[in-house]
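Architecture at a glance
The primary structure of each chain is shown beneath.
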Amino acid sequence: MPGWSMNNKLRHLMSHHEFWLGMLILLLAAGLSLRTSEFLTLGNLTDVATSYAILGILACGLFVVLIAGGIDISFPAMTAIAQYAMASTLLAHGGNFVTIFAIAMGCGLLLGLINGALVYFLRVPAIIITIATLNLFYGLLVWFTDGTWLYGFPEWFMNGINWFSFTAADGYEYGLTLPLLCLLAVFVLTGVLMRYTRLGRQIYAMGGNRESASRLGMNLLTLHFYVYGYMGLLAGVAAIVQAQTTQSVAPNSLVGYELTVLAAVVLGGTSMTGGRGSLFGTLLGVLLLAFLQNGLTLLAVSSYWHMVFSGLIILVSISATAWNEKRKLAKGM
């Protein structure tokens, strides 16, 4: 009986998309560590976490939107607008981290609520609405700013935050920097929201069956505001992280980034039709793309091949997920 129970648990574990995605990440990490000695160094892993923090933050927001049965393509433009509003205020009037986070997140929240209202009231597919607002937001930003770059921020912003810093054997200083702290906070907040709150359960319910959720008395308009507003809030957080990492602000710095974020979330097993997916899977999707692109860079592979390999992995992952879902349905029948 104990052996049977163990086999049963193993089969259950292997039926999860996250298990195979985790195995793929481990194989990729092992292969890259054999090919290049730099991959598993503390310095490289810290650089990867810092560089891809913005991907993880935006992936959390898009994960919530997809679970609700929607989609948002406009978040790079929301991030750029929030970034520009924050940076302009910082350069003109100064401030502190509390002030700039309030400005960026407030700006992102407002734009997210606009998306939520448009998706709910127009009854047009969310992808059409958010493609339209992506172009609208970007167009207005470039028109108002004339495409001007912003730089020369105060020293306290340029230096950022570095908690629990220490000097490693390689001579470099490491610690919990602003991008890492924001990434950790966003993942914890999103995890608590979606797993342990009534709101999270309602978001899953709306994504699973919109009509049933409405009949059960859930306020779909309020849920749309929560979902798209949350995406906007995280776009504001990503705006600060991006500006502090690059030490500059450019209106078009995130053009095309929506596809990378969408790829990470879908790669993690989140359904594009809503109601299914896990935040842990999203984290694994972000890790896989980050390790893949970083590994190819260390191996001096052309950036054009990054897109090819990323596309192949996403295609294989989605195919495996679809096959697994069909197998489960067949067993249920």
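Refer to the preceding data block for the structure.
Residues numbered from 1 in each chain as written. Predicted model: local features only at pLDDT ≥ 70, side-chain atom pairs only at ≥ 80, totals over all residues. Heavy atoms only, no water.

**Points about the overall build of the chain**
- Of regular secondary structure, the chain possesses 15 helices and two strands.
- Computed over the C-alpha atoms, the radius of gyration of the chain is 21 Å, within 12% of the 20 Å expected from 2.2 N^0.38 for a compact globule of 333 residues.
- The principal-axis extent of the C-alpha atoms belonging to the chain is close to 70 × 55 × 35 Å.
- For the chain, the residues scored as buried account for 47% of the 333 residues in total.
- If you take every contact in the chain between residues at least 6 apart in sequence, the share linking residues at least 24 apart comes to 77%.
- For the chain, the computed accessible surface area is about 17000 Å², with 68% contributed by carbon and sulfur atoms. (Helix = DSSP H or I, 4+ residues; strand = E, 2+ residues; numbered from the N terminus. Rg over C-alpha atoms; globule rule 2.2 N^0.38 Å. Buried < 20%, exposed > 50% of the residue type's maximum accessible area, 1.4 Å probe, protein only. Contact = heavy atoms within 4.5 Å. Areas by Shrake-Rupley, 256 points an atom, 1.4 Å probe, with all protein chains shown as cover.)

**Structural notes on the nonpolar core**
- By size, the foremost hydrophobic cluster in this structure holds 97 residues, and its most contacted members are Ile57, Leu58, Met86, Phe157 and Ile203.
- Considering each element in turn, this core owes the most residues, 14 residues, to helix H12 (residues 220-246).
- Excluding anything up to four places from it in sequence, isoleucine 203 contacts Val64, Ile67, Ala68, Met194, Leu223 and Val227. (Core = buried A, V, L, I, M, F, W, Y, C linked by side-chain atoms within 4.5 Å.)

**Some remarks on helix H14 (residues 279-298)**
- Here H14 spans 28 Å end to end across 20 residues, near enough to the 28 Å set by a 1.5 Å rise per residue.
- Of all 20 residues making up H14, 15 are buried, and the element is well covered by its neighbours.
- The first or second residue beyond H14 is alanine 300, which carries a positive phi of 60 degrees. (Expected span 1.5 Å × (residues − 1).)

**Examining the packing of helix H4 (residues 53-67) against helix H10 (residues 198-208)**
- Close contact between H4 and H10 brings their axes to 7 Å; oriented N to C, the two are set at 55 degrees. Relative to H10, H4 is oriented oblique. Facing H4, whose interface residues are Phe63, Val64 and Ile67, H10 presents Ile203, Tyr204 and Gly207.
- For the contact of H4 with H10, a count of residues per class yields five nonpolar, one polar and no charged. (Axes fitted to C-alpha atoms, helices over the stretch in contact; angles between N-to-C directions. Parallel < 35°, antiparallel > 145°, perpendicular 65-115°, else oblique. Nonpolar A, V, L, I, M, F, W, Y, C, P; charged D, E, K, R; others polar.)

**So, H4**
- Between its first and last C-alpha atoms H4 spans 21 Å; for 15 residues at 1.5 Å apiece the expected length is 21 Å, and the two agree.
- Immediately downstream of H4, the backbone of glycine 69 shows phi near 90 degrees, a positive value.

**Notes on unusual backbone geometry**
- For arginine 123, which is not glycine, the phi torsion reads 55 degrees and is therefore positive.
- Take arginine 123: it is sitting in the loop between helix H6 (97-122) and helix H7 (126-145).

**A few points about the packing of aromatic side chains**
- On inspection of all chains with the given rule, the structure shows seven aromatic pairs.
- The interplanar angle of 35 degrees and the centroid separation of 6.2 Å between the aromatic rings of phenylalanine 97 and phenylalanine 157 together place this pair among those described as tilted. Of this pair, phenylalanine 97 sits in helix H6 while phenylalanine 157 sits in helix H8 (residues 155-159), and the two are 60 residues apart along the sequence.
- Looking at phenylalanine 157, the relative accessible area reads 0%, which means it is buried.
- Arranged with centres 5.3 Å apart and planes meeting at 70 degrees, the rings of phenylalanine 153 and phenylalanine 157 form a pair that is edge-to-face.
- A relative accessible area of 6% places phenylalanine 153 in the buried class.
- Every member of this aromatic cluster is reached through a ring pair, and the members are Phe97, Phe153, Trp156 and Phe157. (Phe/Tyr/Trp six-rings, centres within 6.5 Å; stacked < 30°, edge-to-face > 60°.)

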